[in-house]
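Chain by chain, the residues run as shown.
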Amino acid sequence: MSGVPPVDAVFDVAAFMKVKAGPRTQALRVPALAAFFPEGADPVWTVRGLEGAEWAVVLEAEARARARHGIAGALSPDGDAVAAIRAAAGIPDPSAVPTFVQGVEYLVLGSVAPKCTHALAVKLSQLQPFVFFELVKTIKLLTGVGVDLGKSMPSGETAASV
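Further remarks concern a nonpolar patch on the surface. The grouping of Val10, Phe11, Val13, Phe16 and Met17 at the surface amounts to a nonpolar patch, some 540 Å² of accessible area in total. Of all the elements, helix 2 (residues 13–18) adds the most residues to the nonpolar patch, at three residues. Along the chain, Met17 falls in helix 2.

Before going further, it helps to examine the pattern of salt bridges. Any two side chains of opposite charge can pair, so long as their charged atoms come close to each other. Considering all chains together, one arrives at three salt bridges under this definition. A salt bridge links Arg29 to Asp42; the nearest nitrogen and oxygen atoms lie 2.8 Å apart. Within this pair, whereas Arg29 is found in strand 1 (residues 25–29), its partner Asp42 is found in the loop between strand 1 and strand 2 (44–48), the two being separated by 13 residues in sequence.

The next point concerns the packing of helix 6 (residues 98–110) against helix 7 (residues 118–127). Two numbers describe how helix 6 lies on helix 7: the axes approach to 9 Å, and their chain directions differ by 125 degrees. Taken together, the axes of helix 6 and helix 7 are oblique relative to one another. In this structure, the crossing between helix 6 and helix 7 has a hand that is right-handed. In this structure, helix 6 contributes Phe100, Val104, Glu105, Leu107 and Val108 to the contact, and helix 7 contributes His118, Ala121, Val122, Leu124 and Ser125. Looking at the contact of helix 6 with helix 7, its residues break down into seven nonpolar, two polar and one charged.

Definitions and cut-offs
Residues numbered from 1 in each chain as written. Predicted model: local features only at pLDDT ≥ 70, side-chain atom pairs only at ≥ 80, totals over all residues. Heavy atoms only, no water. Patch = residues over 30% accessible without salt bridge, like charges linked within 9 Å, V, L, I, M, F, W, Y side chains within 5 Å. Areas by Shrake-Rupley, 256 points an atom, 1.4 Å probe, with all protein chains shown as cover. Salt bridge = Lys/Arg side-chain N within 4 Å of Asp/Glu carboxyl O. Helix = DSSP H or I, 4+ residues; strand = E, 2+ residues; numbered from the N terminus. Axes fitted to C-alpha atoms, helices over the stretch in contact; angles between N-to-C directions. Parallel < 35°, antiparallel > 145°, perpendicular 65-115°, else oblique. Left-handed = near helix turned anticlockwise from the far one by under 90°. Contact = heavy atoms within 4.5 Å. Nonpolar A, V, L, I, M, F, W, Y, C, P; charged D, E, K, R; others polar.

And the structure:
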């Protein structure tokens, strides 16, 4: 290791720590949802990349869904009641669809406009699964690219509140 310079000799830590950057965003046309936008408006859904802490929330989504799934089952041994509770709460069986559970979290956390709730994400996946997964795919890509170093955050806001 004698020929390798120390990391701080090639990486400017001070400059890195001073960076003010904003989330990388992308507007996606969603013509399949045009009926739900005002007449004449361009049907666009804007998403952004996630920060590290948000990504961790996505990665833990399956475990949280398993816990909610178990709670719903414990509330009532009656299978019909459990199914009704799960359906009302938008709780899919996480063991059957971990990718879906994470996709819902990606969409909730990464949607800029419109804002997306868990119920909206689940409904979108039911009515327009291709749109749902295209939005999720874009959020994943933006997350992988990282923040936009040329764009600063609006004053007083964090990426989670944008």
